[in-house]
There are 4 protein chains.
Amino acid sequence: MRRHTMEVRVIYADTDAMRITYHANYLKWFEMGRTEYLRELGFAYKDMEDEAMLMLPLTSSGMTYKKPAVYDDVLEIVTFIEKLGGASIRFGYEVYRKETGELLVTGHTAHGVTNTKLKPVRLKRELPELYQVLVESAAE
Amino acid sequence: MRRHTMEVRVIYADTDAMRITYHANYLKWFEMGRTEYLRELGFAYKDMEDEAMLMLPLTSSGMTYKKPAVYDDVLEIVTFIEKLGGASIRFGYEVYRKETGELLVTGHTAHGVTNTKLKPVRLKRELPELYQVLVESAAE
Amino acid sequence: MRRHTMEVRVIYADTDAMRITYHANYLKWFEMGRTEYLRELGFAYKDMEDEAMLMLPLTSSGMTYKKPAVYDDVLEIVTFIEKLGGASIRFGYEVYRKETGELLVTGHTAHGVTNTKLKPVRLKRELPELYQVLVESAAE
Amino acid sequence: MRRHTMEVRVIYADTDAMRITYHANYLKWFEMGRTEYLRELGFAYKDMEDEAMLMLPLTSSGMTYKKPAVYDDVLEIVTFIEKLGGASIRFGYEVYRKETGELLVTGHTAHGVTNTKLKPVRLKRELPELYQVLVESAAE
């Protein structure tokens, strides 16, 4: 399974008065992770929308918070494909504190694969090149 | 089961370039919902922290996105207690578009019940008054 | 000068690890304030865009931070029209802590008045009804 | 004058239903810019707080929006010291679209220099090493 890692640093905007990272902000970093993951595979999400008229609307998300990230922590956001369906894709995520290697948060986002009118798109048939790359990335 | 309903209106800050509400923002409205739910029960979260030295750190969250909320929609955020454990509490949420009554998003947040040093607190033994109110609210 | 007041309550999402409201969040409340101000005048911003094809893109903003707002504070967001130009409008804002009446933040946002292609629109000539209401609100 | 440049990429979370970057988000990138600027000078803000008991609370901010940043744009955030006072510092910022070199946004944030009890700290007398570095960075 191919894993993509990127780093972000926690700023004050990300934290709250509990002095930890506010729990909703991980979803923003998950977005960064999957966008860069797809870009690395050769499929910039922006081009998918503009050229292939393809969208990946969210259908669900979830997170488990194990340990808090604090101000100025460097986080490693790891993204991978958990499951590839006929017209759906599920990404998994792990967030580590870089300095200590501790696993802080795990999560997922599930997406439909649709055209810009939100009609399901069968990747295998309609975008076989992308489908093949995703299959290989999920399995690797 | 006691249900608390509050209204919020979607502003530009809540939306994204897909022209819908960005998925992370529901977690913010869930926070509003459970805070007002507890306040209605007579337990302002601020006082719980300041006086009872009690915290409700998140352990997990999840959301299912059924339909998108768009700019200027008035949303009804419904909050309820899904499950009350010995030293844990799980809130459930439903988000409706007020104008049409459509259910847009469902979700949950699970919390530990701890002291300010993050040690678990047995509500039934240590804060029987709050425990009793929560039990009744969950069961009603 | 007509002044519109609305209340918001500071949640954890609004705060940061300094234990105060993160400074960028006031801009979000300014957006709420001017949206409700215009709605009160009979011009919902959504309809202005959808029907009158009118937009109010930001050209500048500024804030002065006098005192911090903290978790669970109820804030009064006061909005007014500072200046009405031929194809521009400048809103002023004041943020008070409701409980104490202290002035916490002052600010402004300046906007062009344009069509949906961002071409300036002369309000007085093209939307005299709205222009008249704005003039009266600014002067009152 | 020493200038620090860093890059960020606009994600959906940063945009709004106007299909441009929501105006408040530049303040978040300004925070990133000045944090990395100070780190490059050898003064991590986190250490300033934890060790030197120094804080830089915001007293004002302002932005001028010239052109919008859109989804997936790579932005260059340029940070510099506009003015260094006895117990105050003012940072300036410029935001460019990397691909085209266009200047999109200019701004500033003004900060007091205080101890953790928010009492003003005379940098020149109390932290001469930091003061000297800032003077040279402002003047360079």
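Not measured: the values here are computed from a predicted model. (Residues numbered from 1 in each chain as written. Chains lettered and ligands numbered in written order. Predicted model: local features only at pLDDT ≥ 70, side-chain atom pairs only at ≥ 80, totals over all residues.)

**Student:** Go over the overall build of chain A with me, naming the residues and quoting the values.
**Tutor:** Counting its regular elements, chain A contains four helices and seven strands. Helices and strands appear in chain A in the N-to-C order β-α-α-β-β-β-β-β-β-α-α. With respect to the principal axes defined by its C-alpha atoms, chain A has extents near 50 × 30 × 20 Å. Every one of the 140 residues in chain A was classed for burial, and the buried ones make up 41%. Within chain A, contacts between residues at least 6 apart in sequence are counted, and of these 68% link residues at least 24 apart. (Helix = DSSP H or I, 4+ residues; strand = E, 2+ residues; numbered from the N terminus. Buried ≥ 20, exposed ≤ 12 C-beta atoms within 10 Å, placed from the backbone. Contact = placed C-beta atoms within 7 Å.)

**Student:** I'd like a description of the relation of the copies chain B and chain A, backed by residues and values.
**Tutor:** Superposing chain B onto chain A takes a rotation of 180 degrees plus a shift of 0.0 Å along the axis, which leaves an RMSD of 0.0 Å. The symmetry that links the two subunits is that of a two-fold axis. Relative to the rotation axis, the C-alpha of B:Gly62 is the closest in chain B, positioned 2.0 Å from it. Of the interface residues in chain B, 100% have counterparts in chain A that sit at the interface too, so the contact is made through matching surfaces. (Least-squares fit on C-alpha atoms with pLDDT ≥ 70 in both.)

**Student:** Give me the sheet that holds strand 5 (residues 88-97) of chain D: which residues, what numbers.
**Tutor:** Spatially, 1(C)-4(C)-5(C)-6(C)-3(C)-3(D)-6(D)-5(D)-4(D)-1(D) is the arrangement adopted by the ten strands of the open sheet, whose pairing is antiparallel. Whereas interior strands pair on both sides, the edge strands pair on one side only; in this sheet they are strand 1 (4-9) of chain C together with strand 1 (4-9) of chain D. Adjacent strand axes in the sheet meet at a mean angle of 20 degrees, parallel and antiparallel pairs treated alike. Of the strands in this sheet, strand 4 (74-84) and strand 5 (88-97) of chain C touch helix 4 (residues 128-139) of chain C, which is tilted by about 115 degrees from strand 4 of chain C. Here helix 1 (residues 25-40) of chain D sits on the sheet in contact with strand 1, strand 3 (58-65), strand 4 (74-84), strand 5 and strand 6 (103-112) of chain D, set at roughly 140 degrees to strand 1 of chain D. (Pairing = 2+ DSSP bridges. Axes fitted to C-alpha atoms, helices over the stretch in contact; angles between N-to-C directions.)

**Student:** Give a detailed account of the interface of chain B and chain A, specifying residues and quantitative values.
**Tutor:** At the interface, twelve residues of chain B touch twelve residues of chain A. Put simply, the parts of the chain that give the side of chain B that touches chain A at least two residues each are helix 1 (25-40) and strand 3 (58-65) of chain B. For the side of chain B that touches chain A, the element with the most residues is strand 3 of chain B, which contributes eight residues. Residues that form the side of chain B that touches chain A fall into these classes: five nonpolar, six polar and one charged. Taken together, the five bridges between strand 3 (residues 58-65) of chain A and strand 3 of chain B define a ladder with antiparallel strand orientation. Within the sheet, the bridge partner assigned to A:Thr64 lies in strand 3 of chain B and is B:Ser60. (Nonpolar A, V, L, I, M, F, W, Y, C, P; charged D, E, K, R; others polar.)

**Student:** I'd love a proper account of the interface of chain A and chain D, names of residues and values included.
**Tutor:** Taken together, the contact between chain A and chain D spans ten residues of the former and ten residues of the latter. Examining the composition of the side of chain A that touches chain D, we find that four residues originate from one element, helix 1 (residues 25-40) of chain A, more than from any other. Class assignment of the residues belonging to the side of chain A that touches chain D gives a composition of five nonpolar, one polar and four charged.

**Student:** Could you give me a rundown of the confidence of the model for chain A, with the residues and numbers involved?
**Tutor:** The predicted model of chain A averages 95 in pLDDT, with 99% of residues at 70 or higher. Across the interfaces of the predicted complex, the ipTM metric reaches 0.95, alongside a pTM of 0.97. (pLDDT = per-residue confidence, 0-100.)

**Student:** If you had to explain the sheet that holds strand 6 (residues 103-112) of chain A to someone new, which residues and values would you point to?
**Tutor:** The sheet built from ten strands is open, its strands ordered 1(A)-4(A)-5(A)-6(A)-3(A)-3(B)-6(B)-5(B)-4(B)-1(B) with antiparallel pairing. The strands lining the two open edges of the sheet, one partner per strand, are strand 1 (4-9) of chain A together with strand 1 (4-9) of chain B. On average, each strand axis in the sheet is tilted by 20 degrees relative to the strand beside it, whichever way the strands run.

**Student:** Residues and numbers for unusual backbone geometry, please.
**Tutor:** Positive phi, normally seen in glycine, also occurs at A:Leu118, with a value near 70 degrees. Tracing the backbone shows A:Leu118 in the loop between strand 7 (114-115) and helix 3 (123-126). The backbone phi angle of B:Met53 is positive, close to 55 degrees, even though this residue is not glycine. On the secondary structure map, B:Met53 appears in the loop between helix 2 (45-50) and strand 2 (54-55).

**Student:** Run through the environment of A:Arg90, naming residues and quoting values.
**Tutor:** All names here are of chain A. Counting through the fold element by element, Arg90 comes out in strand 5 (residues 88-97). You can call Arg90 partly exposed: it has 17 C-beta atoms within 10 Å. Apart from the residues within four sequence positions on either side, Arg90 is in contact with Glu82, Lys83, His108 and Ala110.

**Student:** Quick one: what's the story with the nonpolar core, residue by residue and with numbers?
**Tutor:** In terms of nonpolar packing, the biggest core is built from 144 residues, with A:Val95, B:Leu75, B:Val95, C:Val95, D:Leu75 and D:Val95 touching the most fellow members. When near neighbours in sequence (up to four residues on either side) are disregarded, A:Val95 contacts A:Tyr26, A:Trp29, A:Leu75, A:Ile77, A:Leu104 and A:Val105. (Core = buried A, V, L, I, M, F, W, Y, C linked by C-beta atoms within 7 Å.)

**Student:** Could you give an account of the pairing of strand 5 (residues 88-97) of chain B, with specific residues and numbers?
**Tutor:** All names here are of chain B. Relative to strand 5, strand 4 (residues 74-84) is paired through nine bridges, and the arrangement is antiparallel. When the bridges of strand 5 are listed, Leu75 appears paired with Arg97. Hairpin connection of strand 4 to strand 5: three residues between the antiparallel strands. Direction of pairing for strand 5 relative to strand 6 (residues 103-112): antiparallel, over a ladder of nine bridges. Bridging from a neighbouring strand, Ser88 pairs with Gly112 of strand 6. The hairpin formed by strand 5 and strand 6 contains five residues between the paired strands, and Gly101 there has a positive phi angle of roughly 80 degrees.

**Student:** I'd like a description of the environment of D:Tyr71, backed by residues and values.
**Tutor:** Tracing the backbone shows D:Tyr71 in the loop between strand 3 and strand 4. D:Tyr71 sits in the buried class, given 21 other C-beta atoms within 10 Å. Note: C-alpha distance between D:Tyr71 and D:Ile20 (51 residues apart in sequence) is 6.9 Å. With residues near it in sequence (within four places) discarded, D:Tyr71 still touches A:Lys46, B:Ala17, D:Val10, D:Tyr12 and D:Thr15.

**Student:** So what's going on with helix 1 of chain B? Which residues, and what values?
**Tutor:** Residue and element names in this part refer to chain B. Relative to the 22 Å expected for 16 residues at 1.5 Å per residue, helix 1 spans 23 Å between its end C-alpha atoms, a close match to the ideal helical length. Every buried residue of helix 1 is listed here: Asn25, Tyr26, Leu27, Trp29, Phe30, Glu31, Gly33, Arg34, Thr35, Tyr37 and Leu38. Tucked into the core, helix 1 has its buried residues touching strand 1, helix 2, strand 3, strand 4, strand 5 and strand 6. Phi for Gly42, located one or two positions after helix 1, is positive at around 95 degrees. (Expected span 1.5 Å × (residues − 1).)

**Student:** Which residues make up the environment of A:Glu136, and what are the values?
**Tutor:** Residues and elements named next belong to chain A. When you line up the elements, Glu136 lands in helix 4 (residues 128-139). For Glu136, a count of 12 C-beta atoms within 10 Å corresponds to the exposed category. Counting along the chain gives 135 residues from Glu136 to Met1, while the straight-line C-alpha distance between them is 7.9 Å.

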